[in-house]
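Survey of secondary and tertiary structure
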Amino acid sequence: MASADATTDHDGAAFPVPELRERAEACAARLCEAGEFLLCSHIDADGLTSAAVATAAFERAGFDFETAFFKQLDADAVASIAATDYDVVCFTDFGSGQLDVIAPREEAGEFVPVIADHHQPAEAETEFHLNPLLEGLDGASELSGAGAAYLLARALGDATETDNRDLAALAVVGAVGDMQDNEGGLSGANEALVADAVAAGALAEVTDLALYGRQTRPLPKLLEYASEARIPGISNDQAGAIEFLTDLDVPMKDADGEWRRWVDLDGDERRTVASALIRRAVSSGVPSERVDALVDTTYVLADEEPGTELRDVSEFSTLLNATARYERADVGLAVCLGDRGAALDRARTLLRNHRRNLSEGLQWITNEGVEREEHVQWFDAGTRIRETIVGIVAGMAVGANGVSARKPIVAFADKGAGETKVSARGSGFLVREGLDLSAVLREASRAVGGDGGGHDVAAGATIPADEREAFLEAVDELVGEQLADE
Ligand code: C5P
Ligand code: C5P
Ligand code: C5P
Ligand code: ZN
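Every value quoted in this text rests on a predicted model; they were computed, and no experiment measured them.

In the vicinity of ligand 1, the contacting residues are His 42, Asp 44, Asp 46, Asp 93, His 118, His 119, Asp 178, Met 179, Arg 425, His 455, Val 457 and Ala 458. Within the side chain of His 119, one N or O atom sits 2.8 Å away from an oxygen atom of ligand 1. The separation between an oxygen atom of ligand 1 and a polar side-chain atom of His 455 is 2.6 Å. Burial of ligand 1 by the protein amounts to 84% of the accessible area it has alone, namely 470 Å².

Right, here's the structure in full:
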């Protein structure tokens, strides 16, 4: 597997993230040795793209493998994996956080784990473990699960005809799906993946209006729903958004009388709208950093048709969440692997349902408001918000009416069977102040007989339903300690 030159691939291309090369090669070699194994991945956009990158690379390598998706890798899930006949199990976008559950299975000879992940590792060791956090890279912002899977694919490139560089674009979808793109676009190790995807002709980096929905949303909706911009009289204001647009010297409807989308405007028209938006933001007192953020680095998939849900990386990731978070990971995986027929049709139907759920969930939170503890704010959605999307809704609610951007938000939803799902979201600012939600959720959930983990800025857990109060008290105290320490 290892090539003679430590810094270049067989074809002379540099390995994109040199810090992780050895780990990637060790994992790749172990899979080559096995030839036959089980692939397990997570049910969100990053988990799906991780599985898609891995699947494509494994097929090219001629491996014999099966794929399974899990909502969480808890003790039951690991037990069901151990019960299969596979001697080797490849985990993508999870595995590190559950190493304390997996390692004893390995020791017992039940299976050998090969992990490509970016979550905070639990305290246990294993040999085949590819994770940016083990080499001092940030797992929340510099490399996603799909990025880790891509490095594994690159290391496998030696065993195949291709170097697998064409798979980098899917890894970028995963990183953006995990919200790793901040101001200025993707950073750290992710930049090397962007460069690979661009070099492969699959991705374009474009400086553009940084609002969600440029490809598919009618212009008034693009502006009205742009809650991240928070422009008075436009954001969350349907009539205001329409008035703003119709006052501009740009035709806003097409020949059929339908609202145009951002993607339908030509360069001059886009500049006109963007300049007017910036002027309006400035004149209504939007802080300069939010004004600057209105135009930023965006990513489009060069081979996808403009105006579709697949063209923009961020919209693509939403389409994937709409499948896997509704028990249809098979549909999202097929779309990632190129199915533009039945799977895409099905995904579009699922997307309509997902969007309705997000919008109703957000509406419910802004109507009900959140409860405030000393250091965190929280809401309990019960069965009103599906537990698989309550984290997305919590993240979208931050900064909306009545939801502070200065305190972490903790969301609860019913899982059934006496269990409650917890999702917590912070901010870059709070992380710089010392917040680590992964540590908080792991400790507080374990204290009440549950389990959890994730990233410093976003984490999740499952707890017994009747322990919500005790759990919340522990969370509030731990967050208070973290923010006081610094
Ligand atoms: O399981 P996984 O790592 O894929 O999920 C990461 C989660 O963290 C996503 O739901 C993503 O939206 C969230 N996140 C966030 N803010 C960030 C980074 C990630 O809310 N800055
Ligand atoms: O990328 P992520 O899955 O974390 O995005 C969360 C959801 O927020 C997406 O599914 C998308 O539909 C939605 N969204 C939105 N408007 C925005 C930003 C995101 O509807 N301005
Ligand atoms: O489920 P949610 O979107 O809130 O997850 C946020 C982050 O926490 C994700 O990265 C997820 O993988 C992680 N998580 C975890 N253990 C759990 C639940 C979530 O590590 N029990
Ligand atoms: Zn991930």
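Taken as a whole, this structure holds 10 aromatic pairs when the rule is applied. Ring centres 6.3 Å apart and planes at 65° place the aromatic pair Phe 91 and Phe 94 in the edge-to-face group. With respect to burial, Phe 91 and Phe 94 carry one shared label: buried. Seen in terms of ring centroids, Phe 91 and Phe 111 are 6.1 Å apart; in terms of plane orientation they differ by 50°. Their pairing is tilted. Of this pair, Phe 91 sits in strand E3 (residues 88-92) while Phe 111 sits in the loop between helix H4 (99-107) and strand E4 (112-116); the two residues are 20 residues apart in sequence, bridging distant segments of the chain. Comparing Phe 91 with Phe 111, the two get one shared label, buried. Here the aromatic cluster, defined as three or more aromatic residues joined through ring pairs, consists of Phe 37, Phe 58, Phe 63 and Phe 65. Lying across the ring of Trp 259, Lys 253 places its NZ or CZ 4.7 Å from the centre. The residue whose ring lies beneath Arg 468 is Phe 412, and the NZ or CZ to ring-centre distance is 5.8 Å.

A few words now on the state of the cysteines. All chains considered together, the criterion is met by zero disulfides. Here Cys 27 stays free of any disulfide, with the sulfur of Cys 90 as its closest cysteine sulfur at 7.5 Å. On the basis of relative accessibility, which here comes to 1%, the residue Cys 27 falls in the buried class. Residue classification places Cys 90 among the buried residues on the basis of a relative accessible area of 0%.

Turning our attention to the coordination of the zinc ion (ligand 4). For the zinc ion (ligand 4), the protein coordination sphere consists of Asp 46 (OD), Asp 93 (OD), His 118 (NE2) and Asp 178 (OD), at 2.1 to 2.3 Å. Binding-site remark: the zinc ion (ligand 4) is held by donors from one chain whose sequence spacing is D-x46-D-x24-H-x59-D. Residue Asp 93 is located in the loop between E3 and H4, and its partner Asp 178 is located in the loop between helix H6 (168-177) and helix H7 (189-199); the two are separated by 85 residues in the primary sequence.

Right, let's talk about helix H1 (residues 21-34) for a bit. In an α-helix there are 3.6 residues to a turn, and that puts residues three or four apart on one side. Helix length check: H1 (14 residues) gives 20 Å between terminal C-alpha atoms against 20 Å at 1.5 Å per residue, within 8%. The set of residues buried in H1 consists of Arg 21, Ala 24, Glu 25, Cys 27, Ala 28, Arg 30 and Leu 31. Tucked inside the fold, the buried residues of H1 contact strand E1 (36-42), helix H2 (45-60), E3, E4, strand E5 (128-130) and helix H5 (145-156). Just past H1, the residue Gly 35 takes up positive phi, approximately 75°.

Glancing now at the nonpolar core. Counting 73 residues, the largest nonpolar core has Leu 31, Phe 58, Leu 130, Leu 151 and Leu 152 as the members making the most contacts within it. When residues no more than four places from it in sequence are discounted, the contact partners of Phe 58 are Leu 31, Phe 37, Leu 39, Phe 63, Phe 65, Cys 90, Leu 152 and Leu 156. Of all hydrophobic cores here, the second largest spans 25 residues; its members include Leu 211, Ile 234, Leu 265 and Ala 281.

Moving on, we come to the site of ligand 2. By nearness alone, 13 residues border ligand 2, and Arg 217, Glu 228, Thr 318, Asn 321 and Met 396 come closest of all. Interatomic distance of 2.9 Å between a side-chain N/O atom of Arg 217 and an oxygen atom of ligand 2. Thr 318 places a polar side-chain atom, nitrogen or oxygen, 3.4 Å from an oxygen atom of ligand 2. Isolated, ligand 2 exposes 460 Å² of accessible area, and the fraction of that covered by the protein chains is 85%. For the shell around ligand 2, the elements supplying multiple residues, two or more each, are helix H12 (313-324), helix H14 (342-368) and helix H15 (390-397). For the shell around ligand 2, the element with the highest residue contribution is H12, accounting for three residues. Classifying every residue of the shell around ligand 2 by side-chain character gives six nonpolar, five polar and two charged.

Here we come to a negative patch on the surface. Residues Glu 371, Glu 373, Glu 443, Glu 473, Glu 477 and Glu 481 make up a contiguous surface patch of negative charge. The leading source of residues in the negative patch is helix H18 (residues 468-485), at three residues. Secondary-structure assignment places Glu 477 in helix H18. You can call Glu 477 exposed: its relative accessible area is 53%.

Before going further, it helps to examine the confidence of the model for the protein chain. On average, residues of the protein chain score 94 in pLDDT, and 97% of them are at 70 or above. The model gives residues 1-12 a pLDDT under 50, and that stretch makes 26 contacts with residues more than four places away or in other chains. Among the prediction metrics, the complex's ipTM stands at 0.85, with pTM recorded as 0.92.

Here is what the cut-offs are and how they apply
- Residues numbered from 1 in each chain as written.
- Chains lettered and ligands numbered in written order.
- Predicted model: local features only at pLDDT ≥ 70, side-chain atom pairs only at ≥ 80, totals over all residues.
- Heavy atoms only, no water.
- Near = heavy atom within 4 Å.
- Polar contact = N/O pair within 3.5 Å; in protein donor to acceptor, adjacent residues only side chain to side chain.
- Areas by Shrake-Rupley, 256 points an atom, 1.4 Å probe, with all protein chains shown as cover.
- Phe/Tyr/Trp six-rings, centres within 6.5 Å; stacked < 30°, edge-to-face > 60°.
- Buried < 20%, exposed > 50% of the residue type's maximum accessible area, 1.4 Å probe, protein only.
- Helix = DSSP H or I, 4+ residues; strand = E, 2+ residues; numbered from the N terminus.
- Lys NZ or Arg CZ within 6 Å of the ring centre and 35° of its normal.
- Disulfide = S-S within 2.5 Å.
- Donors = N, O, S within 2.8 Å, 3.2 Å for Na, K, Ca; no water.
- Expected span 1.5 Å × (residues − 1).
- Contact = heavy atoms within 4.5 Å.
- Core = buried A, V, L, I, M, F, W, Y, C linked by side-chain atoms within 4.5 Å.
- Nonpolar A, V, L, I, M, F, W, Y, C, P; charged D, E, K, R; others polar.
- Patch = residues over 30% accessible without salt bridge, like charges linked within 9 Å, V, L, I, M, F, W, Y side chains within 5 Å.
- Salt bridge = Lys/Arg side-chain N within 4 Å of Asp/Glu carboxyl O.
- Lys, Arg positive; Asp, Glu negative; His and termini not counted.
- Charge placed at Lys NZ, Arg CZ, Asp CG, Glu CD.
- pLDDT = per-residue confidence, 0-100.

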